[in-house]
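As a plain string of letters, each chain reads:
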Amino acid sequence: MKHPRRERREKLSAPSPDGASAKGDPERLYVITGGPDGGERAALDLVTMVVACSTPSPTVQPEQAAILRLCRAPLSVAEISAYLRLPFSVVTSLLTDLLATELVESRAPIVRAVLPDRSLLEAVMHGLQRL
């Protein structure tokens, strides 16, 4: 008795506005980034938080308009890359342009402060209870 052979399905990628897949169309990525290098890029990493300063204008690229709509609330560069299904390098290039025109702001993530010692907190709590 032969077991049926399972065929692997190709992953479905999200279609771009013009109908082509972002990963499967290097020409589209070339156009989005403005060339092979795209010039100087901002110092952004995956956890850099980005927030939009204004609404998209008709003159920005569709991908930049999508970033502005997504970033009404702060998002990390990794989240933006995942939502748009674009490589990190392409998103960094788009964000560099948006940062240069001051349409978005970026900041490093806030690092959690070290929690105070438990005994100190208990002493403060007992002191407040005695008042």
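Here, every reference points to the structure presented above.
Presented here is a report on the structure given in the accompanying data block. As the structure is a computational prediction, the values presented were derived from the model and not from experiment.

Rules behind the numbers
Residues numbered from 1 in each chain as written. Predicted model: local features only at pLDDT ≥ 70, side-chain atom pairs only at ≥ 80, totals over all residues. Heavy atoms only, no water. Helix = DSSP H or I, 4+ residues; strand = E, 2+ residues; numbered from the N terminus. Buried < 20%, exposed > 50% of the residue type's maximum accessible area, 1.4 Å probe, protein only. Contact = heavy atoms within 4.5 Å. Areas by Shrake-Rupley, 256 points an atom, 1.4 Å probe, with all protein chains shown as cover. Core = buried A, V, L, I, M, F, W, Y, C linked by side-chain atoms within 4.5 Å. Arc of directions from axis to C-beta. Pairing = 2+ DSSP bridges.

## With respect to the overall build of the protein
Okay, step 1: A count of helical and extended segments in the protein gives 5 helices and 3 strands.
Okay, step 2: Taken from N to C terminus, the helices and strands of the protein fall in the order α-β-α-β-α-α-β-α.
Okay, step 3: The 131 residues of the protein split such that 28% are buried.
Okay, step 4: Restricting to contacts in the protein with at least 6 residues of sequence separation, those with at least 24 account for 63%.
Okay, step 5: Accessible area for the protein stands at about 10200 Å²; split by element, carbon and sulfur atoms hold 58% of it.

## Regarding the nonpolar core
Okay, step 1: Within the largest apolar cluster, 19 residues are counted, with the highest numbers of intra-cluster contacts made by V50, I67, C71, I80, L95 and L98.
Okay, step 2: Elements with a contribution of two residues or more to this core: β1 (49–52), α2 (62–70), α3 (77–84) and α4 (88–100).
Okay, step 3: Per-element accounting of this core gives the leading share, 5 residues, to α4.
Okay, step 4: Other than its neighbours up to four places away in sequence, I80 contacts V50, I67, C71, L75, V91 and L95.

## Side note on α3
Okay, step 1: Among all positions of α3, only V77, I80 and S81 are buried. The buried residues of α3 all sit within an arc of 100° when viewed along its axis, so they share a single face. In α3, the exposed residues that point more than 90 degrees away from the buried face are A82 and Y83.
Okay, step 2: Check the buried side of α3 and you find it contacts β1, α2, β2 (75–76) and α4.
Okay, step 3: Directly beyond the C-terminal end of α3, a positive phi value near 55° is found at R85.

## What about unusual backbone geometry?
Okay, step 1: Located in the positive-phi region is R85, a residue other than glycine, with phi close to 55°.
Okay, step 2: Inspection of the secondary structure puts R85 in the loop between α3 and α4.
Okay, step 3: Of note in this structure, E102 is not a glycine but carries a positive phi near 60°.
Okay, step 4: Among the structural elements, E102 can be located in the loop between α4 and β3 (104–107).
Okay, step 5: Here E102 falls in the exposed class, since its relative accessible area comes to 64%.

## Concerning the pairing of β1
Okay, step 1: Pairing of β1 with β2, which is carried by 2 bridges, proceeds in the antiparallel orientation. Considered in β2, the bridge of M49 is made with S76.
Okay, step 2: Bridge analysis of β1 against β3 gives 4 bridges, and the strand direction is antiparallel. By the bridge assignment for β3, A52 is matched with V104.

All we've got here are geometric facts, nothing functional implied.
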